[in-house]
Amino acid sequence: MQASELQRAVAAARSVASSLGLPADDAVVLQDSNKLTLRLLPCDVLARVSPAAHQVAQFEVRLAQQLAGSGCPVAVLEPRVEPRVYGRDGFEVTLWTYYEPVAPGEISPAGYADALKRLHAGMRAVEVPTPHFTDRVAEAEALVASRERSPALADADRELLGDTLRRLRAVIGARGAPEQVLHGEPHPGNVLTTKNGLLFIDFETCCRGPVEFDLAHAPEEVGEHYPDADQDLLRECRTLMLAMITAWRWDRDDQLPDGRRLGMEWLGRLRAAVDRNGSEAHG
């Protein structure tokens, strides 16, 4: 979130909580990217704040309620207030249960895979309109193709990203793998490690596609424990995912802290992956 908006966003979250009888004298920033995640104290509530223009909070609240109702491993909304989106000063504020974290090392790759499998089982039963994963790939392609939106991207790197995104979107689509509703980005940053096990959060990137697209965002060892995962498809999805997240880092409006350094690092990893996969294909 832009520095100029940060103070207003924090104030909006505290104001909403206070108006609902939840004392919020202090706010601790837990995550600051395209949206702000806060721990409000002393009420001990997790607040998520996004610009109202994003218009994703209502979808996330509705989906989280459906998934929690079917027993999926997801974070739940704060039970002391009405589970809805609260508007304040140009922001959308949602209030969630705060979970005290435990050491990440206590969750094994097998445990991660099991939690993701249970999430996928629940998501197969929900009825929500979602984009296809290829729509998100197309968004990354459009970003890379626009010099105005990604002015710092070198020509060779622009070509690498564009070619990889186009090629893998077609290759993965042609496989005809079974598809379902997915989390979209179930990487460790969107997973809470709690005393109740792994809980998934942040469903704004929800989409439809093969489960391997979700698995590509998890640590590599997790895919080895997910039942019946197509390892060849998963390898392609990992390279596609790397190309997508690299593309976002070159958006002139990217707000991820240290995003440009990551963009450079991931370009190197992507080039190595493309070279390696090309060698394997011709080996």
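Residues numbered from 1 in each chain as written. Predicted model: local features only at pLDDT ≥ 70, side-chain atom pairs only at ≥ 80, totals over all residues. Heavy atoms only, no water.

Caption draft 1: Broad picture of the pairing of strand S7 (residues 191–194). The sheet contact formed by S7 and strand S8 (residues 197–200) spans 4 bridges and is antiparallel. Of the residues in S8, the one forming a bridge with Thr193 is Leu198. Linking S7 to S8, which pair antiparallel, is a turn of 2 residues. (Pairing = 2+ DSSP bridges. Helix = DSSP H or I, 4+ residues; strand = E, 2+ residues; numbered from the N terminus.)

Caption draft 2: Local environment of the side chain of Glu92. As for its placement among the helices and strands, Glu92 is situated in strand S5 (residues 91–97). One polar contact links the side chain of Glu92 to the main-chain amide nitrogen of Ala57, over a distance of 3.4 Å. Dropping the residues within four chain positions of it, Glu92 is found in contact with Arg48, Val49, Ser50, Pro51, Ala52, Gln55, Val56, Ala57, Val85 and Tyr86. (Polar contact = N/O pair within 3.5 Å; in protein donor to acceptor, adjacent residues only side chain to side chain. Contact = heavy atoms within 4.5 Å.)

Caption draft 3: Broad picture of the packing of helix H4 (residues 133–145) against helix H5 (residues 155–174). Interaxial distance between H4 and H5 falls to 9 Å at its minimum, and their mutual angle equals 160°. Classified by the interaxial angle, the pair formed by H4 and H5 is roughly antiparallel. Crossing geometry of H4 relative to H5 is assigned as left-handed. For the pair H4 and H5, contact is made by Phe133, Thr134, Val137, Ala140, Glu141 and Val144 and by Arg158, Leu161, Gly162, Leu165, Arg166, Arg169 and Ile172, respectively. Tallied by class, residues from the contact of H4 with H5 come to 7 nonpolar, 2 polar and 4 charged. (Axes fitted to C-alpha atoms, helices over the stretch in contact; angles between N-to-C directions. Parallel < 35°, antiparallel > 145°, perpendicular 65-115°, else oblique. Left-handed = near helix turned anticlockwise from the far one by under 90°. Nonpolar A, V, L, I, M, F, W, Y, C, P; charged D, E, K, R; others polar.)

Caption draft 4: Structural view of the layout of surface pockets. Considered as a void within the structure, the second largest pocket measures approximately 540 Å³ in volume. Lining the second largest pocket are 27 residues; nearest its centre among them are Pro188, Gly189, Val191, Leu192 and Thr193. Elements supplying a minimum of two residues to the lining of the second largest pocket: strand S1 (24–32), strand S3 (45–51), helix H3 (109–123), S7 and helix H7 (220–223). Ranked by residues supplied to the lining of the second largest pocket, first place goes to S7 with 4 residues. By residue class, the composition of the lining of the second largest pocket is 17 nonpolar, 7 polar and 3 charged. (1 Å grid on protein atoms, 1.4 Å probe; cavity = no way out; pocket = protein on both sides within 12 Å on 5 of 7 lines; lining within 4 Å. Points joined across faces, edges and corners; volume = space filled by probe spheres on them.)

Caption draft 5: Here's a closer look at the confidence of the model for the chain. Across the chain, the average pLDDT comes to 92, with 96% of residues at 70 or higher. When pLDDT is averaged over each helix and strand of the chain, the minimum, 85, is found for helix H9 (residues 259–281) and the maximum, 98, for helix H6 (residues 211–215). (pLDDT = per-residue confidence, 0-100.)

Caption draft 6: Up close: the pattern of salt bridges. According to the stated counting rule, one finds 23 salt bridges in the structure shown. When the shortest N-O distance is used, the salt bridge between Arg147 and Asp155 registers 2.7 Å. Here Glu148 ties to Arg252 by a salt bridge, and the two come within 4.0 Å at their closest N and O atoms. Taken as a pair, Glu148 in the loop between H4 and H5 and Arg252 in the loop between helix H8 (231–249) and H9 lie far apart in primary sequence, 104 residues in all. Judged by relative accessible area, Glu148 falls into the exposed class, the value being 59%. On the basis of relative accessible area, Arg252 is assigned to the partly exposed category, the value being 46%. Taken together, the shared-partner salt bridges connect Lys35, Arg48, Glu60, Asp202 and Glu204 into one network. (Salt bridge = Lys/Arg side-chain N within 4 Å of Asp/Glu carboxyl O. Buried < 20%, exposed > 50% of the residue type's maximum accessible area, 1.4 Å probe, protein only.)

Caption draft 7: Representation of H4. Between its terminal C-alpha atoms H4 stretches 19 Å, which fits the 18 Å expected from 13 residues at 1.5 Å a residue. Those residues of H4 that sit buried are Phe133, Thr134, Arg136, Val137, Ala140, Glu141, Leu143 and Val144. Tucked into the core, H4 has its buried residues touching H5, strand S9 (207–209), H6 and H8. (Expected span 1.5 Å × (residues − 1).)

Caption draft 8: Representation of empty space enclosed by the protein in the model. Counting across every chain of the model gives 2 cavities of 30 Å³ or more. Roughly 50 Å³ of volume is contained in the largest cavity. Counting only elements with at least two residues in the lining of the largest cavity, the list comes to S3 and helix H2 (57–69). Classifying every residue of the lining of the largest cavity gives 7 nonpolar, no polar and 3 charged. Of the voids in this model, the second largest cavity is the one considered here, and its volume is about 30 Å³. In this structure, the second largest cavity is lined by Lys35, Arg48, Ser50, Ala57, Glu60, Glu92 and Thr94.

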